[in-house]
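So you can see what is in the structure, the chains are spelled out below.
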Amino acid sequence: MDGNLSARVLVCGVAVGLVVNTGEFLLNGVLLHGEWGVVMQSLGRPPPGVESIASLTVMTFLLGIATMWLYVILRRGCETDREAALRAALVSWLFAYGLGFGWSWALGVFPVSLYLPTLVWSGLELLLGTFVGARLLAWRRPVLGGGLG
């Protein structure tokens, strides 16, 4: 990956992270806020503080960058940008949410009432973010061809 493409992947990955972080705030900070409080209290843990939220935010931006890096790799073997974006989002979602968060549900740490909405929501936000990132990456590039069509 040349320097120009690397810089663009980084910027577009941050855009993916911004979409996903916004979705995570809406899901966990607004919609499931009460449920998270109950679950954390049942575990004898305080609600997430500023340091925890900052760490999760940074990790989500790194997920966005990794997803765009994966998108560029997959794009070479896919017929369209849309197909590559879908595949990159699916792989990232599987590792980050399906498996990465799945252990906590499988061990009974978090209830299904948190796990299932998180799985569905995160899949949608990651897919949307990856389409946004792919579109931004395609905006000024003759190298990879095609738009999201």
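Residues numbered from 1 in each chain as written. Predicted model: local features only at pLDDT ≥ 70, side-chain atom pairs only at ≥ 80, totals over all residues. Heavy atoms only, no water.

1. Observations regarding the pattern of salt bridges
Under the definition given, this model contains two salt bridges. In this structure, Arg-75 and Asp-81 form a salt bridge, with 2.1 Å as the shortest nitrogen-oxygen distance. Residue classification places Arg-75 among the buried residues on the basis of a relative accessible area of 8%. Overall, the relative accessible area of 0% leaves Asp-81 in the buried class. In this structure, the salt-bridge partner of Arg-87 is Glu-83, at a minimum N-O distance of 2.9 Å. Residue Arg-87 and its partner Glu-83 are both found in helix α4 (residues 81–99); the two are separated by four residues, about one turn of the helix. (Salt bridge = Lys/Arg side-chain N within 4 Å of Asp/Glu carboxyl O. Buried < 20%, exposed > 50% of the residue type's maximum accessible area, 1.4 Å probe, protein only. Helix = DSSP H or I, 4+ residues; strand = E, 2+ residues; numbered from the N terminus.)

2. Focus on the environment of Met-68
Tracing the sequence through the fold places Met-68 in helix α3 (residues 50–75). Exposure remark for Met-68: the relative accessible area of 0% places this residue in the buried category. Placed 63 residues apart in sequence, Met-68 and Phe-131 show a C-alpha to C-alpha distance of 9.7 Å. Leaving out residues up to four positions away in the same chain, Met-68 has contacts with Val-9, Cys-12, Gly-13, Val-16, Thr-130, Gly-133, Ala-134 and Leu-137. (Contact = heavy atoms within 4.5 Å.)

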